[in-house]
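One letter stands for each residue in the lines below.
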Amino acid sequence: MKTRIPLTGLDRIVWTYTRNGSLTVKSVYRVIISNSSNSSFVSNHTPLYKKLWSSPILHKVQIFIWKCFEYILPSKCRLAFYCPNQNTHCSMCNDNQFESEEHIIFNCRFVRYIWALVPHGNLVLDDMGTNISISDWIRKWLLGNYSSEQICHVFTTAWCIWKERCYNVFQDKQVNHISTTIFSCRLVNETLGALSTQDVIIQQQHIIPADGISDTLESVHVDAPLVAHFDASFDLNTHSCGIDIILTNSEGNYKGCKTISGLANDAEEAESMAALKAVKWIKMLDYQNNLYKRSAENVISYLNKSSIQISWCSSSILDDCLSFMNSFSFYNFVHVRRELNGLADKAAKHSRKYVVTGEWG
């Protein structure tokens, strides 16, 4: 089962570092970092990065905070590393202070007026004059005991301050702490409002209880179908797997059982192989009306064409499974809770543990 030649589809190049086999910038970045000397640095900051990218703030604000944390924000002091003649003094306060990231965000005399007016700004004012670095300041906010609303207010206001600074530097616009405060509060309210009213569509998979099969069959006008209960068991350490398929009629009378032991790359591939084996066995038995019950929701969703969140290897197996289904008069895949598929689950574990392959009528 570990090496399999697909029966359908065309040959294609896959990127094995993503689940769906498609090349993404994110996956390339992860591969480069894992093979570089900075891999330990990235792993140490993974919780912080995850918190940043999942924070309820605008994407441009996330990028801004990330640049500050990585010390790549083009402040005057940062640019002076590459342009020795660069003027490094802050033009917002004109106090002959060096324009570092820390000065722009919370040490500049101009921004103190803004933090004094915006919600939760008092928490930022407490950091003034403490010599805290911008990276430590961001780490404190992301990993500290602050609410999502507080993080949104503080980080969005920091971005608005940077925006005002850029207007001042590049368009020679006179800075105004009142207009910056109003703009920041409006942007925060719009951000929080959009997140709170965003419609999240959750597609619920229909679960049919053990005693509800007849009602489902009556709704689609199918007579005397074959019901296949199938499951797979996978061991991560040995990559061994076991598959079990139990056949019954719509009334629950036993029709047959089959177990298959083998190898798989992961649990999802084992679940997909279980579906393919069940379909191929029923096709060999020449049953035309079939109902398949399985507890692996992602596999069932793919077979019902309601989800594509599955690995490229598993999708190849399930595409073969769907090609076999075209010869059936009726079929339906149903997701059930694991406790309702207990016999197939136990038999699959037995097949994997004791390497049992067989068929019983």
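This write-up is about the structure you can find in this document. (Residues numbered from 1 in each chain as written. Predicted model: local features only at pLDDT ≥ 70, side-chain atom pairs only at ≥ 80, totals over all residues. Heavy atoms only, no water.)

### Concerning the pairing of strand 3 (residues 254-263)
- Relative to strand 3, strand 2 (residues 240-249) runs antiparallel, the two sharing nine bridges. Considered in strand 3, the bridge of Ile 246 is made with Cys 257.
- Linking two consecutive strands that pair antiparallel, namely strand 2 and strand 3, is a turn of four residues; a positive phi of about 90° is found at Gly 252 within it. (Pairing = 2+ DSSP bridges. Helix = DSSP H or I, 4+ residues; strand = E, 2+ residues; numbered from the N terminus.)

### Regarding unusual backbone geometry
- At Asn 94, a position not held by glycine, the phi torsion is positive, near 55°.
- Mapped onto the elements, Asn 94 comes out in the loop between helix 5 (76-80) and helix 6 (101-107).
- Accessibility expressed as a relative area gives 59% for Asn 94, which makes it exposed.
- Phi at Asn 96 is positive, roughly 60°, even though this residue is not glycine.
- Topologically, Asn 96 is positioned in the loop between helix 5 and helix 6. (Buried < 20%, exposed > 50% of the residue type's maximum accessible area, 1.4 Å probe, protein only.)

### Side note on the nonpolar core
- Ranked by internal contacts, the top residues of the largest apolar core, which has 42 residues, are Phe 64, Ile 105, Phe 106, Trp 115, Trp 137, Ile 138 and Phe 155.
- Where this core is concerned, the elements lending two or more residues are helix 3 (46-53), helix 4 (59-69), helix 6, helix 7 (109-115), helix 9 (134-143), helix 10 (148-170) and helix 11 (177-197).
- Look past the residues within four positions of Phe 106 in its chain and what remains in contact with it is Val 111, Trp 115, Val 124, Asp 127, Met 128, Ile 132, Ile 134 and Trp 137.
- Within the second largest apolar cluster, 34 residues are counted, among which are Ala 228, Ala 274, Cys 321 and Leu 322. (Core = buried A, V, L, I, M, F, W, Y, C linked by side-chain atoms within 4.5 Å. Contact = heavy atoms within 4.5 Å.)

### Considerations on the packing of helix 13 (residues 267-285) against helix 15 (residues 312-325)
- At a minimum axis distance of 9 Å, the contact between helix 13 and helix 15 shows a crossing angle of 15°. Judged by the angle between their axes, helix 13 and helix 15 are roughly parallel. The way helix 13 lies across helix 15 gives a crossing that is left-handed. Contacts between helix 13 and helix 15 pair Glu 268, Glu 269, Ser 272, Met 273, Ala 275, Leu 276, Val 279, Lys 280 and Lys 283 from the former with Cys 313, Ser 314, Ile 317, Leu 318, Asp 320, Cys 321, Phe 324 and Met 325 from the latter.
- In terms of residue class, the contact of helix 13 with helix 15 is built from 10 nonpolar, two polar and five charged. (Axes fitted to C-alpha atoms, helices over the stretch in contact; angles between N-to-C directions. Parallel < 35°, antiparallel > 145°, perpendicular 65-115°, else oblique. Left-handed = near helix turned anticlockwise from the far one by under 90°. Nonpolar A, V, L, I, M, F, W, Y, C, P; charged D, E, K, R; others polar.)

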